[in-house]
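Given next are the chains, with one letter for each unit.
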Amino acid sequence: MIEVKNMTKFFGIKKAVDDISFNVAKGEILGFLGPNGAGKSTTMRMITGFIPPSGGTAIIGGSDILQHPIAAREKIGYLPENAPVYPDMTVFEYLDFCAQIRGFSGTKRTAKIEETLEKCFLNEVTYQTVNTLSKGFKQRVCFAQSILHDPEYLILDEPTDGLDPNQKHEVRMMIKAMSARKAIILSTHILEEMDAVCTRAIIIADGVVVADDTPDALRAQSSVHGAVSLTLAATDPQELLPRLQALEGVQSASVIGQDNQHLTLRIYPEQKDVLIAAKVMDVLQDSAYKIESLFVEQGKLDEVFRTITGGG
Amino acid sequence: MNQMSRNISAIFKRELSGYFGSPVAYVFIVIFLLLTGFFTFYIGHFFELGQADLRPFFQWHPWIFLFLIPAVAMRLWAEERRLGTIELILTLPVRMSEVIAGKFLAAWVFIGIALLLTFPLVITVAYLGDPDLGAIFCGYIGSFLMAGAFLSVGLMTSALTRSQVISFIVAVAVCLFFVLAGYAPVNAVISGWAPVWFVNLIAELSFLTHFISIERGVLDFRDVLYYISVIIFMLFANGVILNNRKAS
């Protein structure tokens with residue numbers, strides 16, 4: 001378990017991280033979200049022991065990062081922001097260097113390196129120097145470094161930053177595949193990524209935790225969560241709207257789009273978890289409207305994100 | 001202990017192969033050899049002196065090191081900072097002292113290699129005359145120790161900044177102080193107004209003062225101790241600087 005306890009960081013008089021506390025258990029993938037400059041990277045740097053916190057500490061699997069930094073770091077795999085790698089080394093040399101420091105020797109070291117190369121799809125570039133590699137490969141080399149010793153705790157700072165959609169997908173699959181036996185913290189500002197990978201999300205803004213929940217629960221905070229969006233072939237809304245608004249459990253209904261061919265409506269329930277889709281369907285069928293699409297909104301994460309982080 | 005030597009050796013190997021993997025190493029070695037040759041034969045008048053020793057060779061080392069060693073040292077931390085790899089290396093399960101020691105030793109051995117490549121001079125004197133080989137050996141040891149002191153200053157200033165240029169200039173300035181403090185014309189100026197003990201104190205701080213006797217073939221324990229203490233002090237300062245400004 002990673003326990004972050006009351007971590008605070010001042011840069012000069014500016015408080016970059018303000019009393020953040022949370023725990024991450026094995027099996028969890030914690031998404032660490034926030035606008036740029038919210039303190040994500042600073043927090044991760046403190047957890048990995050790169051910069052000392054001004055207050056508080058992190059305990060990595062029982063080892064305090066301040067009191068027993070070496071023991072704590074042995075259990076961590078860390079992918080820093082921008083995935084830095086020594087440009088003048090080959091991929092193999094670099095992983096060999098990391099494996100040495102991680103305490104592997106002899107045939108075990110070679111086996112570990114080969115296994116990691118395989119896992120991260122780096123076989124074809126094993127003997128290429130890092131500065132000849134594309135951004136996606138560099139990212140994967142750095143990622144390979146972080147999982148080389150099969151750490152119990154993985155801390156990934158924007159692991160898919162700068163990758164193309166296919167590579168993003170690959171990295172996410174790798175992270176998911178490893179998650180059962182590890183506690184993983186990954187920072188991102190991509191909401192779909194959090195949604196696709198994470199089992200839990202913490203949103204920070206101005207150095208403070210403003211939300212800590214599952215992606216679904218966060219989405220439920222959206223104002224459109226549970227609302228029914230409905231597209232009909234061109235219809236006069238004046239007649240339909242009052243009938244929908246009169247339905248039991250419906251709070252309001254409004255037109256959100258209209259042109260010559262289509263009419264798009266959204267119907268909001270009184271309570272978010274009470275389903276109103278069936279009742280809406282009944283009304284529509286009675287009057288034989290031509291339904292083009294009808295679905296229940298799950299909620300929009302970006303809207304929730306903006307509301308929570310005060311980006312209006 | 002085992003873990004410590006393992007870590008130092010891993011970092012040492014990486015840094016040393018880093019030198020030889022880039023043109024820096026070859027440029028440095030070639031320029032070092034050319035400069036020592038030039039100073040020894042043209043400025044030092046090696047042949048005209050007609051003496052079978054290498055003093056015209058060793059006496060220029062402080063001045064050559066003054067510019068060349070900061071150039072070797074400048075990348076050691078500044079480059080890590082610029083690339084962001086400092087964040088990787090300092091979050092691996094290694095102590096900062098191990099990283100500093102590994103880097104220092106790699107650069108020191110590299111300079112040692114360059115120094116060893118001046119061996120044709122030794123052969124030349126041995127061929128032309130009957131030199132005191134003990135004194136020459138002593139000179140090499142002294143030169144290597146002094147190189148270590150220059151290097152420790154350069155490593156320390158490299159930790160200050162992400163810019164290799166700034167690191168180089170600051171290192172040259174600090175090293176220049178350590179050289180000039182024992183340079184006779186500078187001491188003459190200071191002795192014009194300062195008490196003798198102060199002049200001596202300043203002179204004792206100098207790389208030059210401690211190199212002169214070694215260069216003559218006298219390997220005094222105090223001189224060796226001086227260089228070792230400068231190295232340890234600078235490496236320690238390096239650790240303090242890094243601890244305080246890792247992320248900047």
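Rules behind the numbers
Residues numbered from 1 in each chain as written. Chains lettered and ligands numbered in written order. Predicted model: local features only at pLDDT ≥ 70, side-chain atom pairs only at ≥ 80, totals over all residues. Heavy atoms only, no water. Helix = DSSP H or I, 4+ residues; strand = E, 2+ residues; numbered from the N terminus. Rg over C-alpha atoms; globule rule 2.2 N^0.38 Å. Buried < 20%, exposed > 50% of the residue type's maximum accessible area, 1.4 Å probe, protein only. Areas by Shrake-Rupley, 256 points an atom, 1.4 Å probe, with all protein chains shown as cover. Domains from an automatic or database assignment. Core = buried A, V, L, I, M, F, W, Y, C linked by side-chain atoms within 4.5 Å. Contact = heavy atoms within 4.5 Å. Buried area = accessible area lost by both parts, 1.4 Å probe. Salt bridge = Lys/Arg side-chain N within 4 Å of Asp/Glu carboxyl O. Expected span 1.5 Å × (residues − 1). Polar contact = N/O pair within 3.5 Å; in protein donor to acceptor, adjacent residues only side chain to side chain. Axes fitted to C-alpha atoms, helices over the stretch in contact; angles between N-to-C directions. Parallel < 35°, antiparallel > 145°, perpendicular 65-115°, else oblique. Left-handed = near helix turned anticlockwise from the far one by under 90°. Pairing = 2+ DSSP bridges. Right-handed = clockwise from strand over helix to strand, strands pointing away.

## Considerations on the overall build of chain B
Link 1 in the chain: A tally of regular secondary structure across chain B gives 15 helices and zero strands.
Link 2 in the chain: Whereas a compact globule of 248 residues would reach a radius of gyration of roughly 18 Å, chain B reaches 19 Å, a difference of no more than 12%.
Link 3 in the chain: Each principal axis of the C-alpha distribution contributes one length, and for chain B these read about 55 × 45 × 35 Å.
Link 4 in the chain: When the 248 residues of chain B are sorted by exposure, 52% land in the buried category.

## Side note on the overall build of chain A
Link 1 in the chain: Of the regular secondary structure elements, chain A holds eleven helices and 14 strands.
Link 2 in the chain: Taking 312 residues into account, the globule formula puts the C-alpha radius of gyration at 20 Å, and chain A, at 25 Å, lies well above it.
Link 3 in the chain: In terms of overall dimensions, chain A has a C-alpha envelope of 80 × 45 × 30 Å along the principal axes.
Link 4 in the chain: For chain A, the residues scored as buried account for 54% of the 312 residues in total.
Link 5 in the chain: Counting every atom, chain A has about 13500 Å² of accessible surface; 50% of that belongs to carbon and sulfur.

## Focus: the domain arrangement of chain A
Link 1 in the chain: According to the domain assignment, chain A consists of domain 1 (2-220) and domain 2 (228-296).
Link 2 in the chain: The C-alpha centroid of domain 2 of chain A is placed 45 Å from the C-alpha centroid of domain 1 of chain A.

## Some remarks on unusual backbone geometry
All names here are of chain A.
Link 1 in the chain: Backbone geometry at Asp150 places phi at a positive 50 degrees, although glycine is not the residue there.
Link 2 in the chain: Locating Asp150 in the fold gives a position in the loop between α5 (135-147) and β7 (153-157).
Link 3 in the chain: Overall, the relative accessible area of 33% leaves Asp150 in the partly exposed class.
Link 4 in the chain: Even without a glycine there, the phi angle at Asp206 is positive, about 50 degrees.
Link 5 in the chain: As for its placement among the helices and strands, Asp206 is situated in the loop between β9 (200-205) and β10 (208-213).
Link 6 in the chain: You can call Asp206 exposed: its relative accessible area is 66%.

## Thoughts on the nonpolar core
Link 1 in the chain: Residues Phe22, Ile47 and Phe97 of chain A together with Phe207 of chain B are the most contacted members of the largest nonpolar core, which totals 149 residues.
Link 2 in the chain: Tallying contributions element by element places helix α10 (residues 133-158) of chain B first for this core, with twelve residues.
Link 3 in the chain: Ignoring anything within four residues of it in the chain, the contact list for Phe22 of chain A reads Ile2, Glu3, Val4, Leu30, Phe32, Ile47, Ile185, Arg200 and Ile202 of chain A.
Link 4 in the chain: Residues Leu244, Leu263, Leu265 and Ile267 of chain A belong to the second largest nonpolar core, which totals 18 residues.

## Things to note about the interface of chain A and chain B
Link 1 in the chain: Between chain A and chain B, the residue contacts involve 24 residues of the former and 25 residues of the latter.
Link 2 in the chain: Interface area for chain A against chain B, summed over the two sides, is near 2500 Å², with a carbon-plus-sulfur share of 64%.
Link 3 in the chain: Considering only the surface of chain A that becomes buried against chain B, Phe50, Tyr86 and Ile101 of chain A emerge as the three largest contributors, covering 31% of it.
Link 4 in the chain: Where chain A meets chain B, there are one salt bridge.
Link 5 in the chain: Among the salt bridges present, the one from Arg45 of chain A reaches Glu87 of chain B, with a minimum N-O distance of 2.9 Å.

## A word on helix α15 (residues 221-244) of chain B
All names here are of chain B.
Link 1 in the chain: An ideal rise of 1.5 Å per residue puts 34 Å on 24 residues; α15 measures up with 35 Å between its terminal C-alpha atoms.
Link 2 in the chain: Residues Asp223, Tyr226, Tyr227, Val230, Ile231, Met234, Leu235, Ala237, Asn238, Gly239, Ile241 and Leu242 constitute the buried set of α15.
Link 3 in the chain: Looking at where α15 begins, the residue whose side-chain oxygen comes 2.8 Å from the main-chain nitrogen of Arg222 is Asp220.

## Details of the packing of helix α5 (residues 61-73) of chain B against helix α11 (residues 164-180) of chain B
Residues and elements named next belong to chain B.
Link 1 in the chain: Following both chains from N to C, one finds α5 and α11 inclined at 155 degrees, their axes separated by 9 Å at the closest point. Between α5 and α11, the interaxial angle falls into the category roughly antiparallel. In the crossing of α5 with α11, the sense of the turn from one axis to the other is right-handed. The residues of α11 that touch α5, namely those facing Pro62, Trp63, Leu66, Phe67, Pro70 and Ala71, are Phe168, Ala171, Val172, Cys175, Leu176, Val179 and Leu180.

## Describing the sheet that holds strand β1 (residues 2-11) of chain A
Residue and element names in this part refer to chain A.
Link 1 in the chain: Read from one edge of the open sheet, four strands run β2-β1-β4-β5, paired in antiparallel fashion. What marks the edges here is a single partner per strand, and that holds for β2 (14-24) and β5 (63-64).
Link 2 in the chain: Here β1 pairs with strand β4 (residues 55-60) via five bridges, running antiparallel. Within β4, the position partnered with Val4 by the bridge is Ala58.

## Thoughts on the sheet that holds strand β13 (residues 262-269) of chain A
Backbone-to-backbone hydrogen bonds join strands into a sheet, with any given pair of strands oriented parallel or antiparallel.
All names here are of chain A.
Link 1 in the chain: Spatial ordering of the open sheet is given by β12-β13-β11-β14, a layout of four strands whose pairing is antiparallel. The open sheet terminates on both sides in strands that have one partner only, identified here as β12 (250-258) and β14 (291-296). In this sheet, adjacent strand axes meet at a mean angle of 15 degrees when their direction is disregarded.
Link 2 in the chain: As defined by bridge partners, strand β11 (residues 228-233) adjoins β14 across five bridges and the pair is classed as antiparallel. Following the sheet pairing, Leu230 is matched in β14 by Leu294.
Link 3 in the chain: Lying over the sheet, helix α10 (residues 277-286) contacts β11, β13 and β14, oriented at roughly 165 degrees with respect to β14.

## With respect to the environment of Lys176 of chain A
Residues and elements named next belong to chain A.
Link 1 in the chain: The residue Lys176 is located in helix α6 (residues 165-178) in this model.
Link 2 in the chain: The contact partners of Lys176, leaving out residues within four places of it in the chain, are Ile29, Ala196 and Val197.
Link 3 in the chain: Looking at Lys176, its side chain comes within polar contact range of the main-chain oxygen of Ala196, at 2.9 Å.

## So, the pairing of strand β8 (residues 183-188) of chain A
Residue and element names in this part refer to chain A.
Link 1 in the chain: Most of β8 is tucked away: six of the six residues are buried.
Link 2 in the chain: Here β8 shows a buried face lined by Ala183, Ile185 and Ser187 and a second buried face lined by Ile184, Leu186 and Thr188.
Link 3 in the chain: Judged from the five bridges that link them, strand β3 (residues 29-33) and β8 form a sheet pairing that is parallel. Bridging across to β8, Ile29 finds its partner in Ile184.
Link 4 in the chain: Judged from the five bridges that link them, β7 and β8 form a sheet pairing that is parallel. Opposite Ile155, over in β8, you have Ile185 as the bridge partner.
Link 5 in the chain: Of the crossover connections in this fold, the one passing from β7 over α6 to the parallel β8 is right-handed.

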